[in-house]
Amino acid sequence: MNLIAPSILSADGSRFAEEIVAVEKAGADWIHIDVMEGHFVPNITMGPAIISALRKTTKLPFDVHLMIENPDRYIESFAAAGADIITIHVEAANHLHRTVDLIKKYGKKAGVSLNPATPLTQIEEILPDIDLLLIMTVNPGFGGQQFIKTTLPKIARASQLLSALPDKPLLEVDGGVNLKNIADIARAGARIMVAGNSIFSNSDYIKAIAELKTAAN
Ligand code: DX5
Ligand code: ZN
């Protein structure tokens, strides 16, 4: 069963709590939270204080995607705020293994993410140590961008690499996921689909999530 993780970057920011409750009722599996600090990506979003406040709204896993430089400095804060999965970018981590270890030290699932142009060879050595690999299918920074089709064979190759490992880390895809491409993404081997615009631009979240799930499974 493939999972849907609505990205609240595309939700109504004045009503994050209600939006989370609404997508949970509509069948969301995880809540994807995009953290940006204006250095690694050209946008600024939210930090641990907001995540901690939102933690009370749901029991769904918080899938926290850190698009920040020097992630080591903030792992403890995001763990304390209630993140369940903490994903860092390979392009932003100088000592990837150390940061992955740190995430696990706080009892959280450790994810590593790759930008569209970053080759899989950059993470081959860390794969046995991680819980999740996040393949970006847009250049990170904004919701509502178009899926970059050349990432599909990369997803398929990533899936093969992961399935050869004893612990089989999860494969997640983020960026431009919609009803037209989600079946192809699932066929390529992704298991968790982040979806921002394709859920929150609809008035009916139940229908939007149900259609994505049907197409993905
Ligand atoms: C992009 C973020 C994504 C984004 C996805 O930097 O990491 O999670 O919110 O939004 P959509 O599905 O609209 O591309
Ligand atoms: Zn994201």
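Quantities reported herein were computed from a predicted structural model and do not represent experimental measurements.

Student: Explain the sheet that holds strand 7 (residues 170-174) to me, and be specific about the residues and the numbers.
Tutor: The strand order across the open sheet built from eight strands is 1-8-7-6-5-4-3-2, with neighbouring strands paired in parallel fashion. Of all the strands in the sheet, just strand 1 (3-6) and strand 2 (31-36) have a single pairing partner and so form its edges. Neighbouring strand axes in the sheet, compared pairwise and without regard to direction, differ in orientation by 25° on average. The sheet contact formed by strand 7 and strand 8 (residues 192-195) spans two bridges and is parallel. Bridge pairing links Val 173 to Met 193 in strand 8. Against the sheet, helix 4 (residues 96-105) makes contact with strand 4 (85-89) and strand 5 (109-114), and its axis sits at roughly 145° relative to strand 5, the strand it touches most.

Student: Hey, could you go over the pairing of strand 5 for me, with residue numbers and the actual values?
Tutor: Where burial is concerned, most of strand 5 is hidden: five out of the six residues are buried. Where strand 4 lies against strand 5, five bridges are found, and the strand directions are parallel. Note on strand 5: the bridge partner recorded for Thr 87 is Gly 111. As a crossover connection, the stretch from strand 4 through helix 4 into strand 5 is right-handed. Sheet topology places strand 5 next to strand 6 (residues 132-136); four bridges connect them, and they run parallel.

Parameters and conventions
Residues numbered from 1 in each chain as written. Chains lettered and ligands numbered in written order. Predicted model: local features only at pLDDT ≥ 70, side-chain atom pairs only at ≥ 80, totals over all residues. Heavy atoms only, no water. Pairing = 2+ DSSP bridges. Helix = DSSP H or I, 4+ residues; strand = E, 2+ residues; numbered from the N terminus. Axes fitted to C-alpha atoms, helices over the stretch in contact; angles between N-to-C directions. Contact = heavy atoms within 4.5 Å. Buried < 20%, exposed > 50% of the residue type's maximum accessible area, 1.4 Å probe, protein only. Right-handed = clockwise from strand over helix to strand, strands pointing away.

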